[in-house]
Amino acid sequence: MNLLEPVAAALNGAAAPSRAKTMRVGLVSTYPPRACGIGTFSRDLREALLGADGVSAVDLVAIVREDDVDEAAEVVTRIHQDQRGDYAAAARVLERRGDDVVVIQHEYGIFGGHEGAHVLSLAAELRQPMVLTLHTVLSAPSVRQAETLRALCERAALVCVFTETARRMILDARLVSPERVRVVPHGGPTELLPDPDATVRLARPPHRPGAPESRAIGADRSVLATFGLISPGKGIEMAIAAMPAIVARHPKALYVIAGQTHPEVAKLHGEEYRISLERLARDLDLADHVVFDDRFLDIDDLSSMLAATTIYLTPYRSREQIVSGALTFAIVAGCPTVSTPYFYAEDLLASGAGVLVPFDDPAALAEAVVGLLDDPQRLERTRSEARRVGAELAWPEVGRQTADVLREAVALGRPTTAPHPPPVTLPRARASHLLTLVDDVGIVQHADGSVPLRSSGYCTDDVARLAIVALGLGRTTGAEAYHRMLARSLGFLRHAWSADRRGMHNFMSYDRHWLDEPHGGDHLGRAAWALGEVVAAEPVPALLEPSLILLREMLPALAEQRWPRTMAFAALGLARADPAVVGGEATAVLRDLAGRLDRLQRANASPEWYWAEDVLVYDNARLAQALIAAGARLGEDEMVREGLRSLEWYAGELGIDGPFLQLVGHRGRRRGEPRPGDGDEQPLDAAALVEAEVEAFVATGDEARARHAVRAFEWFLGRNRLQRAVYDFSTGGCHDGLGEAEVNGNQGAESTLAYLQALLVLDAAGLQATLPE
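Because the structure is a prediction, the values reported are computed rather than measured.

Colleague: Looking at this model, I keep getting lost on the packing of helix H21 (residues 564–576) against helix H23 (residues 584–604). Mind explaining?
Modeller: Geometry of a packed helix pair, given as the angle between the helix axes and the separation of the axes. At a minimum axis distance of 9 Å, the contact between H21 and H23 shows a crossing angle of 140 degrees. One way to sum up the angle between H21 and H23 is to call them oblique. In this structure, H21 meets H23 at a crossing whose hand is left-handed. Residues Pro-564, Met-567, Ala-568, Ala-570, Ala-571, Leu-574 and Ala-575 of H21 touch H23, and the partners they reach there are Ala-586, Val-589, Leu-590, Leu-593, Arg-596, Leu-597 and Leu-600. Here the residues of the contact of H21 with H23 sort into 13 nonpolar, no polar and one charged.

As structure tokens, this is what we get:
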């Protein structure tokens, strides 16, 4: 298949926009010097656009992890990946610069927030048409991945993908309507195009201190090559494992592996993968047949390497990959290729520019390579087809096509979608009081004012909440203190669990003695919720694996629980975790718990009391939230609707659309009693309502739910019966309740964590403009 045919088909019939007016383009992406394939793509795209007709300027917004010393002159502002406030600020910079259209390069891992949700804040603030380029399209995304991408596509004037396969995938997933999708191929530098008059030399491998002097690579070698940022998903070990069979047939064969370890992999695992590859090469006695070049290659080195390459290898291990810059570059350079059948390779090599082999099959890879080396005529035919395909992928042509799409987006304007509620400026959450309450055991339960009351000790309920908050703060700020806090919280939960008793301790004295026997109850459900959130976030394996093991151990005990809130807390955790990670037993337990909650709700509800219980007590909205979350995860639409109906009734009983929210008092309210119920109003209930409304907003996209979430949060800030802030702006703590005439002066763990957890959930949904610090 000609890779450009879908482009022509997609644009066929559309009137060409006028080219009289030049465009100023905003481009949001990672960017050099950050070592990232998408950054390299964006640098090349910028140059290609500037060479295209009608583009006057390209303003770069660079997504960074750290403050790099060097910064390109074309970068007009930065977005610190995990700082959500930077996203909205970048949109305002692009508006001030007068950009006509903004292109966002999308890959989940380059944006902050859960599943890259922070980018939604940028999209919501843009005043120009936005074009979205998808570098990842998953055939089976997680619920949150799909939600994030669907919301982003809704705000895009046009969505670009690299192949027809990717186009079919996003249409099958109903992420965007067909008329708004354009297929534009990945480009490759013109410097890589074959030059028949050039002298081909393969650079001498770099010399490492302490290692023998590297030898020059002879021109008589049959060079196999793989380049790019190195990570386990590249499957390089499969190619190395194939080399003995290749060398047996072609003793001059040489495999060159070029590129640095991917920075995100190096951050978590160091050079573990590269070391394992080097060890494998030694074990297979391949010292003369495998060479490692651990540089991030510049265009001259890359051009030299690919010009000298006999066969290019991409033994990648994931079928899901819908684009590969490395494979594009190799084809532009005219390299015959042997590859595993990931989506992009299937498309790009379909006309004969390469050979496809099964995943994780070194014998098949060796057979394919030997087959080409044994047959020079077949090898040359494959090379000729690679050159033909590659000539169509050079950046000038791709830049022209991209500029056409951008002009079309300008003509279309912003899509007419329902207005998103403007981000609300909420207070930055000061961490000082949280850090005051937290120690190396857990979090002290109570406080006298803001002074920790050590005699109150610790409880599993609070530590489970702390794990969720630490996870969120770590994700949004990147501060190491919150990662340590999360690890210690998980250690407390592990210590509280008793597999023999199928329960958990809840209360611990300040001197670290348990005060109760292991048992079931809310604390067990909350612990499962926290573990599910950790598993869903997929942190480093050293945190993920212990969390996953503990959650799986707890499943039989969770299945035995009968208290509605315990079931709801556990269901929330199990709904968060990816079923493919936690396994079928967890999904079965989720289905059972959610099913029981659903039956309780349906059996007990009536028009005047649409609730699962005959009494409203504490953390009430979690029951509705669990039905919505579990229903969405299980694909049970009627369960979601039942959760939405019960939440709507409950929020109405609290006056969600009135001048202020009045929560059920801590003594509760029974069926038939007048609202709101007796006792102090508690932060726990306000936070539960915030999170349930956000859950409803994410599940439905209903902007009324978003407004209700923000309105519920404002209870903390003074939109309440006493018109008094329950959040303490001076300490960062939260008061323990709203009494009849006064705010409770104490700032304990439960209240402070409730406030922070609600704030983080609003932030993740894009419903506020500032980040916790």
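Colleague: Help me out: how do you make sense of the sheet that holds strand E8 (residues 222–227) in this one?
Modeller: In spatial order, the strands read E10-E9-E8-E11-E12-E13; together these six strands make up an open sheet with parallel pairing. Of all strands in the sheet, those with a lone pairing partner are strand E10 (290–293) and strand E13 (354–356), marking the two edges. For this sheet the average axis-to-axis angle between neighbouring strands, irrespective of direction, equals 20 degrees. Of the pairings in the sheet, the one linking E8 to strand E11 (residues 311–314) comprises two bridges and is parallel in character. Note on E11: the bridge partner recorded for Ala-225 is Tyr-312.

Colleague: So what exactly am I meant to see when it comes to the packing of aromatic side chains here?
Modeller: How two aromatic rings sit relative to each other is given by the distance of their centres and the angle of their planes. Enumeration according to the criterion identifies 18 aromatic pairs in this entry. Centroid distance Tyr-458 to Tyr-510: 5.9 Å. Interplanar angle 20 degrees. Geometry classified as stacked. Remark: Tyr-510 occurs in the loop between strand E19 (507–508) and helix H19 (522–537) and Tyr-458 occurs in strand E16 (residues 458–459); sequence separation between them is 52 residues. With relative accessibility at 1%, the residue Tyr-458 sits in the buried group. In this structure an aromatic cluster arises from ring pairing among Phe-713, Trp-715, Phe-716, Tyr-727, Phe-729 and Tyr-755. Sitting over the face of the ring of Tyr-618, Arg-565 holds its NZ or CZ atom 5.1 Å from the ring centroid.

Colleague: Please explain the state of the cysteines as it appears in this structure.
Modeller: Put plainly, a disulfide is one covalent bond tying together the sulfur atoms of two cysteines. As enumerated under the stated definition, the model contains zero disulfides in all. Here Cys-153 stays unpaired: no disulfide links it, and the sulfur of Cys-160, its closest cysteine neighbor, is 11 Å away. Residue classification places Cys-153 among the buried positions, given a relative accessible area of 0%. Between Cys-459, a free cysteine, and Cys-734, which holds the nearest cysteine sulfur, the sulfur-to-sulfur gap is 16 Å.

Colleague: Teacher, can you tell me more about the side chain of His-735 here?
Modeller: Looking at the secondary structure, you find His-735 in the loop between helix H27 (703–717) and helix H28 (749–764). Look at His-735 and you get buried, because its relative accessible area is 13%. Ignoring any residue separated from it by four or fewer positions in sequence, one finds His-735 in contact with Pro-683, Ala-725, Val-726, Asp-728, Val-743, Asn-744, Gly-745, Asn-746, Gln-747 and Ser-751.

Colleague: What is the right way to look at the pattern of salt bridges in this model?
Modeller: Opposite charge on two side chains allows them to pair when their charged atoms are near. Using the criterion set out here, one finds 47 salt bridges in the structure. A salt bridge links Arg-182 to Glu-408, with the shortest nitrogen-to-oxygen separation between them at 2.5 Å. With Arg-182 in strand E7 (residues 181–183) and Glu-408 in helix H15 (residues 395–412), this residue pair connects regions lying 226 residues apart in the sequence. Both residues of the pair, Arg-182 and Glu-408, count as buried. A salt bridge links Asp-461 to Arg-526; the shortest N-O distance between them is 3.3 Å. One end of the pair, Asp-461, is in helix H17 (residues 460–477); the other, Arg-526, is in helix H19, with 65 residues separating them in the sequence. The exposure classification of Asp-461 matches that of Arg-526, with both residues buried. One continuous salt-bridge network, built from bridges that share partners, spans Asp-598, Arg-602, Glu-638, Arg-641, Glu-642 and Arg-645.

Colleague: Whenever I open this one, a negative patch on the surface confuses me. Can you help?
Modeller: Taken together, the side chains of Glu-47, Glu-191, Asp-298 and Asp-300 present a region of like negative charge at the surface. Relative to the assigned elements, Glu-47 resides in helix H2 (residues 37–50).

Colleague: Before we go on, may I ask you to explain the sheet that holds strand E3 (residues 75–80) in this structure?
Modeller: Backbone-to-backbone hydrogen bonds pair the strands of a sheet. The strands run either parallel or antiparallel. Overall, parallel pairing links the seven strands, which are arranged E3-E2-E1-E4-E5-E6-E7 in an open sheet. Edge positions in the open sheet fall to E3 and E7, since each of these has one partner strand only. Averaged over neighbouring strand pairs, the angle between their axes works out to 25 degrees when direction is ignored. Two elements, strand E4 (residues 101–106) and strand E5 (residues 130–134), share five bridges in a ladder whose sense is parallel. Directly across from Ile-104, in E5, lies its bridge partner Leu-132. Packing against the sheet, H2 makes contact with strand E1 (23–29), strand E2 (55–64) and E4, and its axis sits at approximately 170 degrees to E2. Across the sheet, helix H3 (residues 84–96) is in contact with E1, E2, E3 and E4; its angle to E3 comes to roughly 165 degrees.

Colleague: What exactly am I supposed to notice about the packing of helix H26 (residues 683–700) against H28 here?
Modeller: Interhelical geometry of H26 versus H28 gives an angle of 15 degrees and a closest axis separation of 8 Å. By the angle between their axes, H26 is roughly parallel relative to H28. Here H26 and H28 pass one another in a crossing that is left-handed. The residues of H28 that touch H26, namely those facing Pro-683, Leu-684, Ala-687, Val-690, Glu-691 and Val-694, are Glu-750, Ser-751, Ala-754, Gln-757, Ala-758, Val-761 and Leu-762. Looking at the contact of H26 with H28 residue by residue, the classes come out as nine nonpolar, two polar and two charged.

Colleague: Can you walk me through the nonpolar core in this structure?
Modeller: In a soluble, globular protein the nonpolar side chains are often hidden away together inside. Counting 118 residues, the largest nonpolar core has Leu-434, Ile-443, Met-554, Leu-689, Phe-716 and Leu-767 as the members making the most contacts within it. Counting 100 residues, the second largest nonpolar core, distinct from the first, contains Cys-153, Val-183, Ala-225 and Met-305.

Colleague: Please explain helix H7 (residues 236–249) as it appears in this structure.
Modeller: In an α-helix there are 3.6 residues to a turn, and that puts residues three or four apart on one side. Helix length check: H7 (14 residues) gives 20 Å between terminal C-alpha atoms against 20 Å at 1.5 Å per residue, within 8%. Maximal helix bending in H7 amounts to about 35 degrees, located at Met-243; proline Pro-244 follows within four positions. Along its buried surface, H7 packs onto E8, strand E9 (253–258), helix H9 (272–283), E10, E11 and helix H13 (362–374).

Colleague: Please explain unusual backbone geometry as it appears in this structure.
Modeller: With the exception of glycine, the majority of residues adopt a negative phi angle, and the majority of peptide bonds are in the trans configuration. Omega for the peptide link from Pro-32 to Pro-33 comes to 15 degrees, which places this bond in the cis form. Here Pro-33 shows up in the loop between E1 and H2. With an omega dihedral of 10 degrees, the bond running from Arg-675 to Pro-676 counts as a cis peptide bond. One can find Pro-676 in the loop between strand E21 (669–670) and H26.

Scoring rules and cut-offs
- In this convention, every chain numbers its residues from 1, walking through the sequence in written order.
- Under the rules for a predicted model, residues below a pLDDT of 70 receive no local features and side-chain atom pairs below 80 are neither given nor counted, while totals for whole chains, interfaces and linings still include all residues.
- In computing side-chain values, all of the structure's heavy atoms are included and hydrogens and water are not.
- To obtain an axis, a line is fitted to C-alpha atoms, over the contacting stretch when the element is a helix, and the angle between two such axes runs from 0 to 180 degrees between their N-to-C directions.
- Each helix corresponds to a stretch of at least 4 residues labelled H or I by DSSP, and each strand to a stretch of at least 2 residues labelled E; elements are numbered beginning at the N terminus.
- The labels follow the angle: roughly parallel below 35 degrees, roughly antiparallel above 145, roughly perpendicular from 65 to 115, and oblique for the rest.
- Two helices crossing with the near one rotated counterclockwise from the far one by less than a right angle form a left-handed crossing, whereas a clockwise rotation gives a right-handed crossing.
- For this analysis, residues touch if any pair of their heavy atoms sits within 4.5 Å.
- Each residue is assigned to one class: nonpolar for Ala, Val, Leu, Ile, Met, Phe, Trp, Tyr, Cys and Pro, charged for Asp, Glu, Lys and Arg, and polar for all the others, Gly among them.
- Here, any two strands with at least 2 DSSP bridges between them count as paired.
- Each Phe, Tyr or Trp ring, with Trp reduced to its six-membered ring, pairs with another whose centre is within 6.5 Å; inter-plane angles below 30 degrees give stacked pairs, above 60 give edge-to-face pairs, and intermediate values give tilted ones.
- Burial classes follow relative accessibility: with a 1.4 Å probe on protein chains only, a residue under 20% of its type's maximum area counts as buried, one over 50% as exposed, and anything between as partly exposed.
- Whether a charge sits over a ring depends on NZ of Lys or CZ of Arg being within 6 Å of the ring centre and within 35 degrees of the ring normal.
- Working definition: a disulfide is two cysteine sulfur atoms within 2.5 Å of each other.
- Salt bridge criterion: a side-chain nitrogen from Lys or Arg within 4 Å of a carboxyl oxygen from Asp or Glu.
- Think of a patch as exposed residues, more than 30% relative accessible area, with no salt bridge, where like charges cluster within 9 Å and nonpolar side chains (Val, Leu, Ile, Met, Phe, Trp, Tyr) cluster within 5 Å.
- Computed with the Shrake-Rupley method and a 1.4 Å probe, the accessible areas treat only the protein chains shown as cover for residues.
- For this count, His and the chain ends are skipped, Lys and Arg are scored as positive, and Asp and Glu as negative.
- By convention, the charge on Lys lies at NZ, on Arg at CZ, on Asp at CG and on Glu at CD.
- Buried Ala, Val, Leu, Ile, Met, Phe, Trp, Tyr and Cys residues form a nonpolar core when they are joined through side-chain atoms within 4.5 Å.
- Expected span, for any helix, means 1.5 Å times one less than how many residues it has.
- To get the bend at a residue, fit one axis to the 7 residues ending there and another to the 7 starting there, then take the angle between the axes.

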